[in-house]
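# Fold and geometry: a report
Given next are the chains, with one letter for each unit.
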Amino acid sequence: ASASSVTLLSSNASRLGAMVYNDSTAVLYVKLGTTASSTSFSIRLDRYEYADIEDGYTGRIDGIWVAAVGTARVTELTA
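Predicted, not measured: the structure shown is a model, and the values here were computed from it.

Within the largest apolar cluster, 13 residues are counted, with the highest numbers of intra-cluster contacts made by L8, V20, L28, V30, L45, I61 and W65. Breaking this core down by element, the ones donating at least two residues are β1 (6–9), β2 (15–23), β3 (28–32), β5 (50–53) and β6 (61–65). Those residues in contact with L28 that sit more than four places away from it in its chain are V20, N22, I43, R44, L45, G63, I64, W65 and A72.

So this is what it looks like as structure tokens:
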């Protein structure tokens, strides 16, 4: 976890999808793109929530937590 924006997944043209699990007690803001923040995000994951990222999104995925506790469990599906 980080209170600064970090890259959860780099761009990957072979990506078919991804899964992000917020294994933290703090809120995780996920951005499909660069530089996630609490005001610029695509998905808000409360503690222990999970999100599927589908539809062929192959770009960078960033994240930021409200507090630096826990971690994100990220799985990338590729061809």
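On we go from here.
Before going further, it helps to spend a moment on the side chain of S24. By the secondary structure assignment, S24 is in the loop between β2 and β3. Excluding residues that lie within four positions of it along the chain, S24 makes contacts with R47, Y48, W65, V69, G70 and T71.

Moving on to the packing of aromatic side chains. By convention here, two paired aromatic rings are described through the distance between centres and the angle between planes. For the structure shown, the criterion picks out one aromatic pair. The interplanar angle of 55° and the centroid separation of 4.7 Å between the aromatic rings of Y29 and F41 together place this pair among those described as tilted. Here the residue Y29 occupies a position in strand β3, and F41 occupies one in the loop between β3 and β4 (43–45), the gap between them amounting to twelve residues. Given the relative accessible area of 35%, F41 is considered partly exposed.

Our focus in this paragraph is the sheet that holds β5. With respect to topology, three strands assemble into an open sheet ordered β5-β2-β7, the strand pairing being antiparallel. Each edge of the sheet is formed by a strand with only one pairing partner; in this case those strands are β5 and β7 (71–78). Along the sheet, successive strands turn relative to each other by an average axial angle of 15°, direction set aside. Bridge count for β2 against β7 is eight bridges, and the pairing is antiparallel. By the bridge assignment for β7, D23 is matched with T71.

What counts and what doesn't
Residues numbered from 1 in each chain as written. Predicted model: local features only at pLDDT ≥ 70, side-chain atom pairs only at ≥ 80, totals over all residues. Heavy atoms only, no water. Core = buried A, V, L, I, M, F, W, Y, C linked by side-chain atoms within 4.5 Å. Buried < 20%, exposed > 50% of the residue type's maximum accessible area, 1.4 Å probe, protein only. Helix = DSSP H or I, 4+ residues; strand = E, 2+ residues; numbered from the N terminus. Contact = heavy atoms within 4.5 Å. Phe/Tyr/Trp six-rings, centres within 6.5 Å; stacked < 30°, edge-to-face > 60°. Pairing = 2+ DSSP bridges. Axes fitted to C-alpha atoms, helices over the stretch in contact; angles between N-to-C directions.

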